Amino acid sequence: MSGDATTLFTSSGMQPLVPYLLGERHPLGTKLFDIQPCLRTQDIEDVGDNRHSTFFEMAGNWSLGEYFKKEQLGWFFTFLTNKENGLGLDPRRLYVTVFEGNDQVPADEESIQVWKELFKKQGVEAEVGKRIVKYSVEKNWWSRSGTPDKMPAGEPGGPDSEVFYQFDVEHDPRYGKHCHPNCDCGRFMEIGNSVFMQFKKAGDNRFEELPQKNVDFGGGLERLITAVNNNPDVFTSDLYSEIIRTIEDNLNIRYSDDSQKPRIRVIADHIKAAVFLMVNGIRPSNKMQGYILRRLLRRAAVKAFQVKGVLPSVEVFTAIARSVLETYEDIYFNVDKDFQIIAPIIEEEISRFGKSLDAGIKELHKLAEVNGKAAFDLYQSHGFPLEITEELAREHGHTIDRSDFIKEFEHHKDLSRSSSASSFKGGLGDISGQTVKFHTATHLLHQALFDILGSEVRQEGSNITSERLRFDFYSSHKPTPEELEQVEKIVNEKITQALPMQFVMLPKDEAIKSGAKSFFREKYPDTVKVYFVGNNLADAYSKEFCGGPHVENTKEIGHFHIKKMEKIGSNLYRIYGIN
């Protein structure tokens, strides 16, 4: 996600808005709404049931100090229940949750009272503990960092109130003696969450109220549709119907077959998510966003392999991908144009995975015993999926102890987490002083590269920590050591000149005419914030579309040094900078 080095994808609407939740003025005003494509990678392994998906569209609205709990909960309840101007849901099927409070933050009694009044007007008694249920910070507190104890100083957060829809599903005792809104038995599904960003962490176990009380609402479009249809299966909605029909026709299976249903869901969700990533410029790789894309495509391929007993042709996967484009035609995609982009990527990745499968199967046949560790080694070295290893092992009379595989897998995840934490330490998410200095320095670096290498230079991404900045850019030729010295010299000259860092709000077209640079993959609103280095926009040294945060004067950055540069792709280069 642009502007936040701590996350790979937008998984909630709140992430891009932190500066504005803390009081910075948003170019579009104080009342916002949108429907935002999101990707939640932590749900990959859960996909296959009737409700989990990695890709979803988040319908959101925000108040930046404009309205608060009474207005927000009332409007959402009206939207859900009104038959003429809303979804017309039966209020008797709606249940809500609220924050129970702890030793750091009080319980959200205000929301409880608002909900009681709203249900009463609909002739529904809303008792606490029955229709209104209190939960702890693990369920009804929201911040980017999680629960209050995990939040860094300066981070905004607050209680939330979730709305659940009750389906005609019998409670499954496997999930507990008593059913409740957060039960996993399938009887309840969350369809909307109003987060009240009213606190800022001031220090250890200390919170203070924000002068600006904010609302961050999110409701999954797919889940809202399931409530309207009164059908708990997300994959039966119009958002999946064409995709699933294409899977059925190409793999000669039917969604009505309960034994195939989980596999069809995985294929549909994963290819949909992969299409959105590819159209937005992500390519398969072994790192970062590219690794997630590769994992999605290969997991979809695994499920198709399990259906057919062999890996289907690449044409099957491109056909399914095209059905995704057609589902969202003229909303997110130009079908013919975007298909030309994604088809070659899918063909190459599926072909490569087919070779990995062949290599893994040959390796598997060499093994005298297939245990959990051997299965993980195959997974790690060849990308060979556990599900296929288990299936082939059974054919040879072997049973794999999954606990051994999971033990190895968890150990690998711990190592990856440590590496990731190190990579993202002090990222823009923590808005620390040094991170802000490096972020400002990227503006000077971008313009200096433009000055020395030419107007074709464009930013391809950045990752900024408190220890260094990393800046990726396109250039038709590899910069020489002499050119890099010139770039570094220019950056330090601008730092020494103690130039002010300022911003203006402009219509997007006017901002482009001013010469302001933008991140080419980003979609910008009609009014944008342009940060510039200098006394005025017309004569500024650097001008960029950016949300912040930045230092007030370049002298605060301190001496800048290009530590190294490396090539990361065709005409793509990466610079590491330090103080």
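This report concerns the structure included in the present document. (Residues numbered from 1 in each chain as written. Predicted model: local features only at pLDDT ≥ 70, side-chain atom pairs only at ≥ 80, totals over all residues. Heavy atoms only, no water.)

Side note on the nonpolar core
Formed by 93 residues in total, the largest nonpolar core has its most connected members in L94, W115, I191, I271 and V275. Residues within four places of L94 in sequence aside, it is in contact with F77, L80, T81, L89, F119, R131, V163, F164, Y165 and I191. (Core = buried A, V, L, I, M, F, W, Y, C linked by side-chain atoms within 4.5 Å. Buried < 20%, exposed > 50% of the residue type's maximum accessible area, 1.4 Å probe, protein only. Contact = heavy atoms within 4.5 Å.)

Considering the sheet that holds strand β13 (residues 542-545)
Adjacent strands of a sheet form backbone hydrogen bonds with each other and so pair up, either parallel or antiparallel. The sheet built from three strands is open, its strands ordered β11-β12-β13 with antiparallel pairing. The strands lining the two open edges of the sheet, one partner per strand, are β11 (501-507) and β13. Averaged over all adjacent pairs, the angle separating strand axes in this sheet is 25°, with direction ignored. For β11 and strand β12 (residues 527-533), the ladder comprises seven bridges, and the chain directions are antiparallel. In the strand pairing of β12, M505 is matched with K529. (Pairing = 2+ DSSP bridges. Helix = DSSP H or I, 4+ residues; strand = E, 2+ residues; numbered from the N terminus. Axes fitted to C-alpha atoms, helices over the stretch in contact; angles between N-to-C directions.)

A word on the environment of V279
Counting through the fold element by element, V279 comes out in helix α7 (residues 261-279). Between the C-alpha atom of V279 and that of T236, which follows or precedes it by 43 residues, the distance is 25 Å. For V279, the residues in contact, after removing those within four places along its chain, are L325, F333, D338 and I342.

Structural notes on unusual backbone geometry
Of note in the backbone geometry, D330 takes a positive phi value of approximately 65° without being a glycine. Along the chain, D330 falls in the loop between α9 (314-327) and α10 (335-366). According to the relative accessible area criterion, D330 is exposed, its value standing at 71%. For A498, which is not glycine, the phi dihedral falls at a positive 50°. Among the secondary structure elements, A498 is positioned in the loop between α15 (481-496) and β11. With a relative accessible area of 28%, A498 lands in the partly exposed category.

With respect to the packing of aromatic side chains
Tallied over the entire structure, the rule returns 24 aromatic pairs. With centroids separated by 5.9 Å and ring planes inclined at 75°, the aromatic side chains of F77 and W115 adopt a geometry described as edge-to-face. Residue F77 is found in helix α2 (residues 69-81), and its partner W115 is found in helix α3 (residues 109-121); the two are separated by 38 residues along the sequence. W115 carries the same exposure label as F77, and that label is buried. Seen from their ring centres, F235 and Y240 are 4.6 Å apart, and the 50° between their planes marks the pair as tilted. Residues F235 and Y240 agree in their burial class; the two are buried. Aromatic rings pair up to connect F55, F276, Y328, Y332 and F333 into one cluster. It is K272 that lies over the ring of Y240; its NZ or CZ is 3.6 Å from the centre. Taking NZ or CZ as reference, K529 lies 4.5 Å from the ring centre of F503, over its face. (Phe/Tyr/Trp six-rings, centres within 6.5 Å; stacked < 30°, edge-to-face > 60°. Lys NZ or Arg CZ within 6 Å of the ring centre and 35° of its normal.)

What about helix α8 (residues 288-308)?
For α8, with 21 residues, the first-to-last C-alpha span of 31 Å sits near the 30 Å given by 1.5 Å per residue. The element α8 is extensively covered by neighbouring structure, given that 17 of its 21 residues are classed as buried. Taken from the residues just after α8, G309 is the one with a positive phi, measuring 85°. (Expected span 1.5 Å × (residues − 1).)

Structural notes on the pattern of salt bridges
Tallied over the entire structure, the rule returns 21 salt bridges. Here K69 ties to D108 by a salt bridge, and the two come within 2.7 Å at their closest N and O atoms. Taken together, the residues K69 in helix α2 and D108 in the loop between β3 (94-99) and α3 connect sequence positions 39 residues apart. Judged by its relative accessible area of 4%, K69 falls in the buried class. In this structure, K130 and E127 form a salt bridge, with 4.0 Å as the shortest nitrogen-oxygen distance. Look at E127 and you get partly exposed, because its relative accessible area is 34%. (Salt bridge = Lys/Arg side-chain N within 4 Å of Asp/Glu carboxyl O.)

Remarks on the pairing of strand β7 (residues 188-203)
In the case of a regular strand, side chains alternate between the two sheet surfaces. Burial of β7 is extensive: 13 of the 16 residues sit out of reach of the surface. Relative to β7, strand β6 (residues 156-166) runs antiparallel, the two sharing nine bridges. Note that in β7 the partner of D160 across the bridge is V195. Relative to strand β8 (residues 206-220), β7 is paired through nine bridges, and the arrangement is antiparallel. Among the inter-strand pairings, K200 is bridged to a residue of β8, identified as E208.

Overview of the packing of α9 against α10
Relative orientation of the contacting elements α9 and α10 amounts to 150°, with a least axis distance of 9 Å. When the axes of α9 and α10 are compared, the pair comes out roughly antiparallel. Between α9 and α10 lies a crossing whose hand is right-handed. Here V314, F317, T318, A321, R322, L325 and E326 of α9 lie close against α10, whose contacting residues are V335, D336, D338, F339, I342, A343, I346, E347, I350 and S351. A per-class count over the contact of α9 with α10 returns ten nonpolar, two polar and five charged. (Parallel < 35°, antiparallel > 145°, perpendicular 65-115°, else oblique. Left-handed = near helix turned anticlockwise from the far one by under 90°. Nonpolar A, V, L, I, M, F, W, Y, C, P; charged D, E, K, R; others polar.)

As for the sheet that holds strand β15 (residues 572-578)
Sheet architecture is open: four strands sit in the order β9-β10-β15-β14, paired in antiparallel fashion. Every interior strand has two partners, whereas the edge strands, β9 (458-464) and β14 (561-569), have only one. Pairwise comparison of adjacent strand axes, ignoring direction, gives a mean angle of 20° for this sheet. In this structure, β9 lies alongside strand β10 (residues 469-474), joined through six bridges in antiparallel fashion. The residue bridging I464 from the neighbouring strand is L469, located in β10.

Some details on the environment of S136
Tracing the backbone through its elements, the reader meets S136 in the loop between β4 (132-135) and α4 (137-140). It is 9.4 Å that separates the C-alpha atoms of S136 and A107, two residues lying 29 residues apart in sequence. Residues within four places of S136 in sequence aside, it is in contact with F99, E100 and W141.

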